[in-house]
Amino acid sequence: DTGVSQDPRHKITKRGQNVTFRCDPISEHNRLYWYRQTLGQGPEFLTYFQNEAQLEKSRLLSDRFSAERPKGSFSTLEIQRTEQGDSAMYLCASSFNSRPQHFGDGTRLSIL
Amino acid sequence: AQTVTQSQPEMSVQEAETVTLSCTYDTSESDYYLFWYKQPPSRQMILVIRQEAYKQQNATENRFSVNFQKAAKSFSLKISDSQLGDAAMYFCAYRALQAGNEKLTFGTGTRLTIIP
(Lines give C-alpha, C1' and ligand atoms only; values in the text may rest on other atoms or scores of the structure.)
Protein backbone atom coordinates (compact mmCIF):
# COMPACT_ATOMS: atom_id res chain seq x y z
CA ASP A 1 0.00 0.00 0.00
CA THR A 2 1.85 3.06 -1.28
CA GLY A 3 -0.92 5.51 -0.45
CA VAL A 4 -2.65 8.05 -2.65
CA SER A 5 -0.18 9.87 -4.87
CA GLN A 6 -0.74 13.32 -6.37
CA ASP A 7 1.33 15.13 -8.94
CA PRO A 8 2.56 17.80 -9.00
CA ARG A 9 2.89 18.88 -5.36
CA HIS A 10 2.95 22.53 -6.35
CA LYS A 11 1.85 24.34 -9.49
CA ILE A 12 2.36 28.02 -10.20
CA THR A 13 0.73 29.40 -13.30
CA LYS A 14 -0.44 32.63 -14.82
CA ARG A 15 -4.07 33.59 -14.89
CA GLY A 16 -5.77 32.29 -18.00
CA GLN A 17 -3.57 29.23 -18.42
CA ASN A 18 -4.81 25.65 -18.28
CA VAL A 19 -3.54 23.25 -15.64
CA THR A 20 -3.91 19.51 -15.13
CA PHE A 21 -3.37 17.52 -11.95
CA ARG A 22 -3.01 13.78 -11.61
CA CYS A 23 -4.07 11.45 -8.81
CA ASP A 24 -3.08 7.81 -8.42
CA PRO A 25 -5.31 6.09 -5.85
CA ILE A 26 -4.47 3.14 -3.67
CA SER A 27 -4.39 0.23 -6.09
CA GLU A 28 -7.40 -1.77 -4.92
CA HIS A 29 -9.62 1.28 -4.34
CA ASN A 30 -12.54 1.61 -6.74
CA ARG A 31 -13.69 5.06 -5.61
CA LEU A 32 -11.81 8.29 -6.17
CA TYR A 33 -12.70 11.75 -4.89
CA TRP A 34 -11.53 15.30 -5.55
CA TYR A 35 -11.77 18.06 -2.95
CA ARG A 36 -10.63 21.68 -2.88
CA GLN A 37 -9.27 23.31 0.26
CA THR A 38 -8.71 27.05 0.58
CA LEU A 39 -6.73 28.69 3.35
CA GLY A 40 -8.40 28.41 6.72
CA GLN A 41 -11.20 26.20 5.46
CA GLY A 42 -12.02 22.54 5.44
CA PRO A 43 -11.94 20.60 2.19
CA GLU A 44 -14.95 21.01 -0.10
CA PHE A 45 -16.18 18.19 -2.27
CA LEU A 46 -15.79 18.60 -6.03
CA THR A 47 -16.53 15.24 -7.65
CA TYR A 48 -16.18 11.50 -7.29
CA PHE A 49 -15.80 8.39 -9.42
CA GLN A 50 -16.69 4.80 -8.97
CA ASN A 51 -14.34 2.98 -11.29
CA GLU A 52 -14.46 5.05 -14.50
CA ALA A 53 -17.95 6.49 -13.94
CA GLN A 54 -18.24 10.04 -12.59
CA LEU A 55 -21.17 9.72 -10.21
CA GLU A 56 -21.48 13.13 -8.59
CA LYS A 57 -20.32 16.67 -9.34
CA SER A 58 -20.55 19.60 -6.98
CA ARG A 59 -21.95 22.91 -8.15
CA LEU A 60 -18.47 24.21 -7.27
CA LEU A 61 -17.23 22.39 -10.35
CA SER A 62 -17.82 25.07 -12.97
CA ASP A 63 -17.63 24.37 -16.68
CA ARG A 64 -13.94 25.32 -16.58
CA PHE A 65 -13.28 22.21 -14.51
CA SER A 66 -13.25 18.70 -15.88
CA ALA A 67 -12.25 15.43 -14.27
CA GLU A 68 -11.66 12.04 -15.82
CA ARG A 69 -10.80 8.56 -14.72
CA PRO A 70 -10.56 6.81 -18.08
CA LYS A 71 -9.54 3.31 -17.03
CA GLY A 72 -10.81 3.31 -13.51
CA SER A 73 -7.32 3.77 -12.12
CA PHE A 74 -5.65 7.21 -12.06
CA SER A 75 -7.64 10.41 -12.44
CA THR A 76 -6.92 13.84 -13.86
CA LEU A 77 -8.46 17.17 -12.90
CA GLU A 78 -8.12 19.94 -15.47
CA ILE A 79 -8.85 23.61 -14.92
CA GLN A 80 -9.15 25.73 -18.04
CA ARG A 81 -8.64 29.50 -18.17
CA THR A 82 -7.52 29.67 -14.54
CA GLU A 83 -8.69 32.53 -12.35
CA GLN A 84 -7.31 33.99 -9.12
CA GLY A 85 -10.07 32.29 -7.17
CA ASP A 86 -8.83 28.90 -8.29
CA SER A 87 -5.82 29.21 -6.00
CA ALA A 88 -6.22 26.41 -3.47
CA MET A 89 -5.02 23.00 -2.40
CA TYR A 90 -6.59 20.26 -4.53
CA LEU A 91 -6.91 17.03 -2.59
CA CYS A 92 -7.52 13.57 -3.96
CA ALA A 93 -8.84 10.70 -1.86
CA SER A 94 -9.69 7.08 -2.58
CA SER A 95 -11.62 4.33 -0.90
CA PHE A 96 -12.77 0.77 -1.41
CA ASN A 97 -16.54 1.02 -1.64
CA SER A 98 -17.88 2.81 1.44
CA ARG A 99 -14.83 2.34 3.60
CA PRO A 100 -13.07 5.46 4.92
CA GLN A 101 -11.36 7.72 2.42
CA HIS A 102 -7.57 7.97 2.32
CA PHE A 103 -6.12 11.28 1.21
CA GLY A 104 -3.08 12.24 -0.81
CA ASP A 105 -0.70 15.10 -0.03
CA GLY A 106 -2.55 17.43 -2.38
CA THR A 107 -1.53 19.75 -5.21
CA ARG A 108 -1.14 23.38 -4.22
CA LEU A 109 -2.16 25.68 -7.07
CA SER A 110 -1.03 29.30 -7.11
CA ILE A 111 -2.33 31.70 -9.75
CA LEU A 112 -0.14 34.70 -10.51
CA ALA B 1 -28.01 20.09 3.12
CA GLN B 2 -25.73 18.82 5.80
CA THR B 3 -23.49 21.25 7.65
CA VAL B 4 -20.64 20.72 10.09
CA THR B 5 -19.58 23.40 12.57
CA GLN B 6 -16.36 23.60 14.54
CA SER B 7 -16.59 26.62 16.81
CA GLN B 8 -13.02 26.51 18.12
CA PRO B 9 -10.59 27.85 15.50
CA GLU B 10 -7.64 27.23 17.84
CA MET B 11 -6.96 25.19 20.95
CA SER B 12 -3.85 24.58 22.99
CA VAL B 13 -3.00 21.99 25.60
CA GLN B 14 -0.07 21.17 27.79
CA GLU B 15 1.82 18.05 26.83
CA ALA B 16 0.44 14.96 28.63
CA GLU B 17 -2.84 16.71 29.42
CA THR B 18 -6.29 16.05 27.95
CA VAL B 19 -8.07 18.25 25.43
CA THR B 20 -11.53 18.12 23.88
CA LEU B 21 -12.36 19.46 20.43
CA SER B 22 -15.98 20.31 19.68
CA CYS B 23 -18.08 19.61 16.61
CA THR B 24 -21.76 19.99 15.88
CA TYR B 25 -23.58 19.05 12.71
CA ASP B 26 -26.95 19.37 11.12
CA THR B 27 -28.70 16.66 9.15
CA SER B 28 -32.17 15.31 8.59
CA GLU B 29 -30.85 11.78 8.15
CA SER B 30 -31.08 9.19 10.90
CA ASP B 31 -28.11 7.10 9.82
CA TYR B 32 -24.74 8.49 8.84
CA TYR B 33 -21.03 8.42 9.61
CA LEU B 34 -18.96 10.96 11.50
CA PHE B 35 -15.19 11.28 11.31
CA TRP B 36 -12.30 13.15 12.80
CA TYR B 37 -9.38 13.75 10.46
CA LYS B 38 -5.97 15.16 11.40
CA GLN B 39 -3.94 17.32 9.00
CA PRO B 40 -0.37 18.03 10.21
CA PRO B 41 1.37 21.04 8.63
CA SER B 42 2.19 20.35 4.98
CA ARG B 43 1.20 16.73 5.35
CA GLN B 44 -1.70 14.63 4.27
CA MET B 45 -5.05 14.27 5.97
CA ILE B 46 -5.17 11.19 8.20
CA LEU B 47 -8.25 9.49 9.61
CA VAL B 48 -8.21 9.59 13.41
CA ILE B 49 -11.51 7.99 14.34
CA ARG B 50 -14.95 7.27 12.96
CA GLN B 51 -18.39 6.76 14.45
CA GLU B 52 -21.45 5.13 12.93
CA ALA B 53 -24.57 6.98 14.04
CA TYR B 54 -26.52 3.75 14.56
CA LYS B 55 -24.01 2.63 17.20
CA GLN B 56 -24.66 3.91 20.70
CA GLN B 57 -21.19 3.09 21.94
CA ASN B 58 -18.66 5.86 21.56
CA ALA B 59 -15.69 4.99 19.34
CA THR B 60 -12.19 4.86 20.82
CA GLU B 61 -8.77 4.52 19.21
CA ASN B 62 -5.96 4.38 21.74
CA ARG B 63 -5.63 7.92 23.18
CA PHE B 64 -8.48 9.24 21.01
CA SER B 65 -12.13 8.91 21.93
CA VAL B 66 -15.36 10.60 20.95
CA ASN B 67 -18.44 11.77 22.80
CA PHE B 68 -21.28 11.23 20.36
CA GLN B 69 -24.58 12.83 21.36
CA LYS B 70 -26.99 12.01 18.55
CA ALA B 71 -29.96 13.97 19.87
CA ALA B 72 -27.84 17.05 20.36
CA LYS B 73 -26.02 16.45 17.04
CA SER B 74 -22.72 16.80 18.80
CA PHE B 75 -19.52 14.87 18.14
CA SER B 76 -16.52 15.91 20.23
CA LEU B 77 -13.02 14.44 20.13
CA LYS B 78 -11.05 13.84 23.32
CA ILE B 79 -7.30 13.44 23.12
CA SER B 80 -5.75 12.01 26.26
CA ASP B 81 -2.08 12.21 27.23
CA SER B 82 -1.41 14.80 24.51
CA GLN B 83 1.84 14.40 22.63
CA LEU B 84 3.86 16.83 20.52
CA GLY B 85 2.98 14.81 17.45
CA ASP B 86 -0.70 15.56 17.99
CA ALA B 87 -0.16 19.15 16.87
CA ALA B 88 -2.21 19.60 13.69
CA MET B 89 -5.45 20.88 12.19
CA TYR B 90 -8.34 18.65 13.18
CA PHE B 91 -11.37 18.40 10.94
CA CYS B 92 -14.73 16.96 11.82
CA ALA B 93 -16.55 15.42 8.85
CA TYR B 94 -19.96 13.98 8.04
CA ARG B 95 -20.91 11.38 5.47
CA ALA B 96 -24.35 10.06 4.64
CA LEU B 97 -24.90 6.33 5.02
CA GLN B 98 -26.72 5.57 1.82
CA ALA B 99 -24.80 4.27 -1.15
CA GLY B 100 -24.17 6.85 -3.83
CA ASN B 101 -23.86 9.73 -1.39
CA GLU B 102 -20.22 9.32 -0.61
CA LYS B 103 -18.94 12.85 -0.22
CA LEU B 104 -17.49 14.07 3.03
CA THR B 105 -18.72 17.40 4.42
CA PHE B 106 -16.05 19.01 6.57
CA GLY B 107 -16.04 21.66 9.25
CA THR B 108 -13.62 24.57 9.16
CA GLY B 109 -11.14 22.87 11.46
CA THR B 110 -9.50 23.43 14.83
CA ARG B 111 -5.78 24.11 15.04
CA LEU B 112 -4.36 22.23 18.02
CA THR B 113 -1.10 23.39 19.58
CA ILE B 114 0.76 21.24 22.09
CA ILE B 115 2.72 23.16 24.70
CA PRO B 116 5.87 21.31 25.82
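Residues numbered from 1 in each chain as written. Chains lettered and ligands numbered in written order. Predicted model: local features only at pLDDT ≥ 70, side-chain atom pairs only at ≥ 80, totals over all residues. Heavy atoms only, no water.

Broken down by element type, chain A carries 0 helices and 11 strands. Of the regular secondary structure in chain A, the N- to C-terminal order runs β-β-β-β-β-β-β-β-β-β-β. Taking 2.2 N^0.38 as the reference for a compact globule, 112 residues should give roughly 13 Å; the C-alpha atoms of chain A span a radius of gyration of 13 Å, in line with that estimate. When contacts within chain A are restricted to residue pairs at least 6 apart in sequence, those whose partners lie at least 24 apart make up 53%. Accessible surface, chain A as shown: approximately 5,700 Å² in total, 43% of it carbon and sulfur. With 15 positive and 13 negative side-chain charges, chain A shows a separation of 4 Å between the mean positions of the two kinds. (Helix = DSSP H or I, 4+ residues; strand = E, 2+ residues; numbered from the N terminus. Rg over C-alpha atoms; globule rule 2.2 N^0.38 Å. Contact = heavy atoms within 4.5 Å. Areas by Shrake-Rupley, 256 points an atom, 1.4 Å probe, with all protein chains shown as cover. Lys, Arg positive; Asp, Glu negative; His and termini not counted. Charge placed at Lys NZ, Arg CZ, Asp CG, Glu CD.)

Two cysteines joined by a covalent bond between their sulfur atoms form a disulfide. The tally for this structure, following the rule as stated, stands at 2 disulfides over all chains. Here C23 of chain A engages in a disulfide with C92 of chain A; their sulfurs sit 1.9 Å apart. The sign of the S-S torsion, about -70°, decides the handedness of the disulfide formed by C23 of chain A and C92 of chain A: left-handed. Here the residue C23 of chain A occupies a position in strand β3 (residues 19–24), and C92 of chain A occupies one in strand β9 (residues 88–95), the gap between them amounting to 69 residues. For the residue pair C23 of chain A and C92 of chain A, the accessibility class agrees, reading buried in each case. A sulfur-sulfur separation of 2.0 Å characterises the disulfide bridge that pairs C23 of chain B with C92 of chain B. Looking down the S-S bond of the C23 of chain B and C92 of chain B bridge, the torsion is -70°, so its handedness is left-handed. Placement of C23 of chain B in the loop between β3 (19–21) and β4 (24–26) and of C92 of chain B in strand β10 (residues 88–96) is noted, with a sequence separation of 69 residues between them. (Disulfide = S-S within 2.5 Å. Buried < 20%, exposed > 50% of the residue type's maximum accessible area, 1.4 Å probe, protein only.)

Looking now at the confidence of the model for chain A. Averaged over every residue, the pLDDT of chain A is 94; the share at 70 or more is 99%. Taking the mean pLDDT of every element in chain A, the minimum, 91, falls on strand β6 (residues 53–57) of chain A and the maximum, 98, on β3 of chain A. (pLDDT = per-residue confidence, 0-100.)

Here the focus is the interface of chain A and chain B. The interface of chain A with chain B comprises 19 residues on the first partner and 19 residues on the second. Put simply, chain A and chain B have 2 salt bridges between them. Counting across the interface, chain A meets chain B through 8 residue pairs in polar contact (both at pLDDT 80 or more). Only β4 (31–37) and β5 (44–50) of chain A provide two or more residues apiece to the side of chain A that touches chain B. A total of 4 residues in the side of chain A that touches chain B trace back to one element, the largest contributor, which is β4 of chain A. (Salt bridge = Lys/Arg side-chain N within 4 Å of Asp/Glu carboxyl O. Polar contact = N/O pair within 3.5 Å; in protein donor to acceptor, adjacent residues only side chain to side chain.)

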